[in-house]
Structure formats: structure tokens, C-alpha cells
Amino acid sequence: MNLSFNFFNWLPLLVIPTNESQQKQKIHDYSQFITGRDYVFESINQGLEGHMTGVGKGIKPCDYIILRSESELSRYQVEEIDYYADPPEMWMALLKKVIDNS
């Protein structure tokens with residue numbers, strides 16, 4: 001039995017695919033949808049975060065979601081997202097408000 005360690009046998013496990021690290025965040029615009037009908041948003045932490053339940057495909061952590069509250073647009077970043085099993089395009093996410101410092 002040969003128990004010697006060979007670094008090169010483990011090398012493929014340490015390599016991160018470059019295409020995954022170069023993916024960009026997407027922006028999902030929900031500003032034209034109606035809250036309470038098309039999605040549900042619950043503000044938490046004095047409006048700096050929120051829980052949202054909605055429908056849509058391809059939303060991932062780090063993506064952005066644009067929401068409208070009356071005439072004001074707000075941008076949130078997806079911290080966590082879980083898709084329902086049925087229907088598969090329905091999801092629940094934890095969002096963090098993006099504060100524009102410009």
C-alpha cells in the first residue's frame with residue numbers, strides 16, 4: 001500500500017474555473033410590477049434590508065433587484081435566495097438595500 005502524498009493529485013481540486021469568477025451581477029427590474037399582486041416585499045432593519053417573495057428565473061446571490069415604492073426607485077442586492085420546488089420559478093430572498101453615495 002502506497003500512502004505517499006502527491007501534490008499534483010490534488011491540484012485539480014484547487015483550481016477555480018475562470019468563467020465562474022468573471023460572471024457579472026444581473027439587474028432584475030421589478031419596478032413595473034405591483035407589490036402584493038406580483039411580489040411581496042417586507043421591509044426589515046429600518047428599510048435597509050427586506051424579505052421578498054417573487055417569481056422569475058435566473059436570479060442569483062449578488063444580483064440586483066429594482067423596486068418602486070410610490071414614485072421612488074430603490075436598488076437592493078440579493079444576499080440569499082431560495083427557489084421553491086413548485087412552482088420552480090417562485091423564490092424567496094433576503095435583500096440588502098444599496099445606498100448610493102454619489
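For the structure itself, consult the block above.
Residues numbered from 1 in each chain as written. Predicted model: local features only at pLDDT ≥ 70, side-chain atom pairs only at ≥ 80, totals over all residues. Heavy atoms only, no water.

## Quick look at the overall build of the chain
- When you go through the chain residue by residue, the secondary structure sums to two helices and six strands.
- Going residue by residue from the N terminus, the α and β elements of the chain occur as α-α-β-β-β-β-β-β.
- Buried residues in the chain amount to 23% of all 102 residues.
- Of the contacts formed within the chain by residues at least 6 apart in sequence, a portion of 46% connects residues at least 24 apart.
- About 8,100 Å² of surface is accessible on the chain, with carbon and sulfur atoms providing 53% of the total. (Helix = DSSP H or I, 4+ residues; strand = E, 2+ residues; numbered from the N terminus. Buried < 20%, exposed > 50% of the residue type's maximum accessible area, 1.4 Å probe, protein only. Contact = heavy atoms within 4.5 Å. Areas by Shrake-Rupley, 256 points an atom, 1.4 Å probe, with all protein chains shown as cover.)

## Remarks on the side chain of His 28
- Looking at the element boundaries, His 28 is found in strand 1 (residues 27-29).
- Engagement of the side chain of His 28 in a polar contact is seen with the side chain of Asp 63, the distance being 2.9 Å.
- Contact partners of His 28, with chain neighbours within four places excluded, come to Gly 58, Ile 59, Asp 63, Tyr 64, Ile 65 and Ile 66. (Polar contact = N/O pair within 3.5 Å; in protein donor to acceptor, adjacent residues only side chain to side chain.)

## A closer look at the environment of Tyr 83
- Along the polypeptide, Tyr 83 turns up in strand 5 (residues 72-83).
- On the basis of relative accessibility, which here comes to 35%, the residue Tyr 83 falls in the partly exposed class.
- Sequence separation of Tyr 83 and Ala 93 is 10 residues, and the distance between their C-alpha atoms is 8.6 Å.
- When residues no more than four places from it in sequence are discounted, the contact partners of Tyr 83 are Gly 56, Lys 57, Gly 58, Ile 59, Pro 88, Glu 89, Met 90 and Trp 91.
- Of the polar contacts made by the side chain of Tyr 83, one reaches the backbone nitrogen of Gly 58; its length is 3.5 Å.
- Reaching out from Tyr 83, the side chain makes a polar contact with the backbone nitrogen of Ile 59 at a distance of 2.9 Å.

## A look at unusual backbone geometry
- With an omega of 0°, the peptide bond running from Asp 86 to Pro 87 counts as cis.
- Looking at the element boundaries, Pro 87 is found in the loop between strand 5 and strand 6 (90-97).
- Of note in this structure, Asn 45 is not a glycine but carries a positive phi near 55°.
- With respect to the helices and strands, Asn 45 occurs in the loop between strand 2 (40-44) and strand 3 (49-55).
- Of note, Cys 62 is a non-glycine position whose phi angle comes to about 80°, a positive value.

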